[in-house]
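# Structural description and commentary
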Amino acid sequence: MVATTFLLAACSAEKNDVKPAGPPPVLVTVEPVTQKNRPVTIQAMGNAEACHAVTIKSRVDGEIVKAHILDGQEVQQGQPLFDLDDRPFQYRLRQLKANLERDQALLENARTKEHRQSVLNKQNLSSEETLAGLVATRQAAEATVAADRAAIAEGELQLAFTRIAAPITGMAGRILIQPGNLVKANDTNPLVTLQQMDPICISFTVAESHLAEIRHHHAKTPLTLEIQPNRGNGPSVPGTLLSLDNLVDRQTGTIRLKAQATNGERHLWPGLFVTLTLKLTERPDALVIPTRAVQTGSSGPFVYVVQKDLTVESRPLTIAQEDKDEIVITSGVSAGERVVTVGQWRLKPGAKVEISQNAPDTKADQDPKTAQ
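## As for the environment of E213
The residue E213 is located in helix α4 (residues 211-220) in this model. For E213 and L280, which are 67 residues apart along the polypeptide, the C-alpha to C-alpha distance reads 7.8 Å. In this structure the side chain of E213 is engaged in a polar contact, spanning 2.9 Å, whose partner is the side chain of H210.

Right, dumping it as structure tokens:
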């Protein structure tokens, strides 16, 4: 009986000496902190707009007899757009030319009389007063002929205005006044509006805090930017910064900038909302980590760094620049260290991890509190 009791006590002591197993390691995916040259950029939003837009109006009164274009048609500079009824201007021009012929005949007669009187005056057969009168008549006739020629030039110009051509290369909008309607010179309502499509301009604003560095880098060389239309659904378009506004908006604390981009493929359209990235300069040997590695806590952004013993340490970060896929860090991690990119929500400082060799599945590993 005593032996049995001793044996049970020994077994109980052995059970008490066994330490409980700790939690299993957390399966995570990691990526190294890399060091590479990264551009210093500014993210902004704006709108595409035509660099040149022309509202077409008639410069003379008349009836529209023909439209050479259709709604939304691409036109070239100098291409005919509209024809007005030119008959009144043709008749007026003929009248002006007839007046010129009449006044040229009168001028020739005045010159002949002046010459004859000049000969008589040299022979002392006529008075100086008579010759002076004929000289004045000849000068008046010359002025009349000059006025006739000016009137003809004006008439030809008015006749040319009945042929309305495109002043720029661009795209026509909707034709607002159809053939058969009467129009007046410089009427309020335009015939059509032309928008230049290539190149196209981009208008956007940035915070006034960026003004000094933009001016500094733009003075050295024209700054470039990448324009993303259709909220990221279309291909990006390269552009060049053209100008900065001369005034900061006091209400918003922003300054407006204007860029230009080639648009041969028509990825950009006047009025289209775009997002863009303005490149200022290059940041050499920058520390870069994936965006998905960064978490946000009560003290700001942080990452989990995997130690040599496969435990994790929480590190606060100082972020210099944040892009869609990568973040540039100025402090908090070192090149070559491994940061957790998937599985962070199951971690705490000092937790043991197991590194997965499979491709990360960020959707499957989302924090259930934030996944909904």
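The discussion continues.
## Examining unusual backbone geometry
Here the bond from D198 into P199 is cis, since omega is 0 degrees, no more than 30 degrees from zero. By secondary structure assignment, the location of P199 is in the loop between β10 (192-195) and β11 (200-207). A positive phi is found at N186, a non-glycine position, where the angle reads about 55 degrees. Relative to the assigned elements, N186 resides in the loop between β9 (182-183) and β10. The backbone of R266 shows a phi angle near 60 degrees, a positive value even though the residue is not glycine.

## Examining the nonpolar core
Counting 29 residues, the largest nonpolar core has L81, F82, L191 and L194 as the members making the most contacts within it. Looking at this core, the elements that each hand over two or more residues are β6 (80-84), α2 (87-122), α3 (128-160) and β10. For this core, the element with the most residues is α2, which contributes six residues. Among residues more than four places away in sequence, those in contact with L191 are I56, S58, I64, F82, I164, R174, I175, L176, I177 and V183.

## Structural notes on the sheet that holds strand β5 (residues 74-75)
If you trace the four strands from one edge of the open sheet to the other, you get β3-β10-β8-β5, paired in antiparallel fashion. Each edge of the open sheet carries a strand with a single partner, namely β3 (53-56) and β5.

## Here we look at the side chain of S58
Turning to its location among the elements, S58 is positioned in the loop between β3 and β4 (62-67). Polar side-chain contacts of S58 include one of 2.5 Å to the backbone oxygen of V60.

## Structural notes on the pattern of salt bridges
For the structure on display, the rule yields twelve salt bridges. For R163, the salt bridge identified is with D86, shortest N-O distance 2.9 Å. Of this pair, R163 sits in strand β7 (residues 163-165) while D86 sits in the loop between β6 and α2; the two residues are 77 residues apart in sequence, bridging distant segments of the chain. The exposure class of D86 is buried, given its relative accessible area of 15%.

## Looking at the packing of α2 against α3
Closest axis-to-axis distance for the α2/α3 pair is 8 Å, and the angle between their directions is 160 degrees. Viewed along their axes, α2 and α3 adopt a mutual orientation that is roughly antiparallel. Judged by the twist between their axes, the crossing of α2 over α3 is left-handed. Considering only residue class, the contact of α2 with α3 consists of 15 nonpolar, eleven polar and eleven charged.

## Thoughts on the environment of K352
Structurally, the position occupied by K352 is in the loop between β21 (338-342) and β22 (353-355). Aside from chain neighbours lying at most four places away, what touches K352 is P25, V26, D309, L310 and T311. Among the polar contacts listed, one links the side chain of K352 to the backbone oxygen of D309, at a separation of 2.7 Å.

## Here's the deal with the sheet that holds β4
The antiparallel open sheet is built from four strands, whose spatial order is β7-β6-β4-β9. Every interior strand has two partners, whereas the edge strands, β7 and β9, have only one. Both β6 and β7 contribute to a ladder of three bridges, which runs antiparallel. Across the sheet, P80 pairs through a bridge with A165, a residue of β7.

## Focus: the state of the cysteines
Scanning the model with the defined rule gives one disulfide in all. Across a sulfur-sulfur distance of 2.0 Å, C51 and C201 are joined as a disulfide pair. Residues C51 and C201 are joined through a disulfide that is right-handed, its torsion about the S-S bond being 110 degrees. Placement of the pair is C51 in the loop between β2 (34-50) and β3 and C201 in strand β11, with a sequence separation of 150 residues. Both residues of the pair, C51 and C201, count as buried.

Cut-offs applied
Residues numbered from 1 in each chain as written. Predicted model: local features only at pLDDT ≥ 70, side-chain atom pairs only at ≥ 80, totals over all residues. Heavy atoms only, no water. Helix = DSSP H or I, 4+ residues; strand = E, 2+ residues; numbered from the N terminus. Polar contact = N/O pair within 3.5 Å; in protein donor to acceptor, adjacent residues only side chain to side chain. Core = buried A, V, L, I, M, F, W, Y, C linked by side-chain atoms within 4.5 Å. Buried < 20%, exposed > 50% of the residue type's maximum accessible area, 1.4 Å probe, protein only. Contact = heavy atoms within 4.5 Å. Pairing = 2+ DSSP bridges. Salt bridge = Lys/Arg side-chain N within 4 Å of Asp/Glu carboxyl O. Axes fitted to C-alpha atoms, helices over the stretch in contact; angles between N-to-C directions. Parallel < 35°, antiparallel > 145°, perpendicular 65-115°, else oblique. Left-handed = near helix turned anticlockwise from the far one by under 90°. Nonpolar A, V, L, I, M, F, W, Y, C, P; charged D, E, K, R; others polar. Disulfide = S-S within 2.5 Å.

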